[in-house]
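# Descriptive analysis of the structure
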Amino acid sequence: MVEYGYIRVSSMEQNEARQVLALGEVGVFGEQVFVDKQSGKDFDRPQYAELMKKLREGDLLYIQSIDRLGRNYEEIQNQWRIITKEVKADVVVLDMELLDTRRYKDLMGTFIADLVLQVLSFVAQHERENIRKRQAQGIAAAQARGVQFGRPALSVPDDFGDLVKKWRKKQITLNEILNICEMSKSTFYRRLREYSLVS
């Protein structure tokens, strides 16, 4: 039997130290720990894929919490089934004692563990959806207060229309109009589209 640990943080900026420490406390560290630094919305993760290549029947996988495995309800359920039923490895979720497949091999124990897994994976997905809703509500409220997101829009010179006419008649070059307007080529073409709509 080989013991492995899987760690996931949602972005490169987040620190995995807390999860590393938790795995170290059960004696899993070094090359036996696989770390992904990306969102848990799907299982397209390089280190998770490497782990799944190595995981064999009878091995043991530790994760700190169920949302480290993922946040999508169906995918968490599917991966749990693959690990425990297809690969026939055990899983221990460190912050949830009931999610330890080594302990509950009888029918009732399996039923309870499956039930807890379903509830927790549902809660993890529900919380993710709530976070998105709160972010959208926060952005909408900020916009209602006049907060601008993104880079401020560059203003165009008062004679932009005349410059565009000269450029179309080839009286000035693209580089000349870009220099006069102090904008990039992509900004110029975007402004040109906007100008065409109103002119």
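Residues numbered from 1 in each chain as written. Predicted model: local features only at pLDDT ≥ 70, side-chain atom pairs only at ≥ 80, totals over all residues. Heavy atoms only, no water.

### Here's the deal with the confidence of the model for the protein
Defined as follows: The quantity known as pLDDT measures the predictor's confidence residue by residue, on a range of 0 to 100. Each helix is a run of DSSP H or I of at least 4 residues and each strand a run of E of at least 2, with the numbering of both proceeding from the N terminus.
Mean pLDDT over the protein stands at 82; residues scoring 70 or higher make up 84%. For the protein, the element scoring lowest by mean pLDDT is helix 5 (residues 107-144), at 74; strand 3 (residues 60-63) scores highest, at 96.

### Details of the packing of aromatic side chains
Two aromatic rings are characterised by how far apart their centres lie and by the angle between their planes. Put simply, the rule reads: Aromatic rings from Phe, Tyr and Trp, with only the six-membered ring used for Trp, were paired whenever their centres fell within 6.5 Å, and each pair was classed as stacked if the ring planes differed by under 30 degrees, edge-to-face if by over 60, and tilted otherwise. Note on classification: 1.4 Å probe, protein chains only; a residue is buried when its accessible area is under 20% of the maximum for its type, exposed when over 50%, partly exposed between these limits. Charge-over-ring contacts are defined here by two conditions on Lys NZ or Arg CZ: a distance within 6 Å of the ring centre and an angle within 35 degrees of the ring normal.
Enumeration according to the criterion identifies six aromatic pairs in this entry. Taking the centre distance of 5.2 Å and the plane angle of 75° together, the rings of Tyr6 and Tyr48 count as edge-to-face. Here the residue Tyr6 occupies a position in strand 1 (residues 3-9), and Tyr48 occupies one in helix 2 (residues 46-54), the gap between them amounting to 42 residues. Each member of the pair Tyr6 and Tyr48 is classed as buried. Judged by centre distance (6.2 Å) and plane angle (70°), the ring pair of Trp167 and Tyr189 falls under edge-to-face. Placement of the pair is Trp167 in helix 6 (residues 160-168) and Tyr189 in helix 8 (residues 185-198), with a sequence separation of 22 residues. Given the relative accessible area of 32%, Tyr189 is considered partly exposed. Connected via pairs of aromatic rings, a cluster forms that spans Phe160, Trp167, Phe188 and Tyr189. Lying over the aromatic face of Tyr48, Arg45 brings its terminal NZ or CZ to 5.7 Å of the ring centre.

### So, helix 1 (residues 17-25)
For clarity, the threshold we go by: Directions from the helix axis toward the C-beta atoms define the arc. Throughout, a contact is declared for two residues whenever any of their heavy atoms are within 4.5 Å.
The complete set of buried residues in helix 1 reads Gln19, Ala22 and Leu23. Within helix 1, the buried residues cover an arc of 95° as seen down the axis, which keeps them to one side. Exposed and facing more than 90 degrees away from the buried side of helix 1 are Leu21 and Glu25. Next to the buried residues of helix 1 lie strand 1, strand 2 (33-37), strand 3 and helix 3 (66-69). A positive backbone phi angle near 85° is found at Gly27, which sits one or two residues after helix 1.

### Some details on the nonpolar core
What counts is decided by this rule: Buried Ala, Val, Leu, Ile, Met, Phe, Trp, Tyr and Cys residues that are joined via side-chain atoms within 4.5 Å together make up what is termed a nonpolar core.
Counting 22 residues, the largest nonpolar core has Ile66, Trp80 and Ile83 as the members making the most contacts within it. Mapped onto this core, the elements with two or more residues apiece are strand 1, helix 2, strand 3, helix 3, helix 4 (73-87), strand 4 (90-93) and helix 5. Examining the composition of this core, we find that five residues originate from one element, helix 4, more than from any other. If sequence neighbours within four positions are ignored, Ile66 has contacts with Ile76, Trp80, Val93, Leu117 and Leu120. Counting residues in each nonpolar core, the second largest holds 12 residues, with Leu163, Ile177, Cys181 and Met183 among its members.

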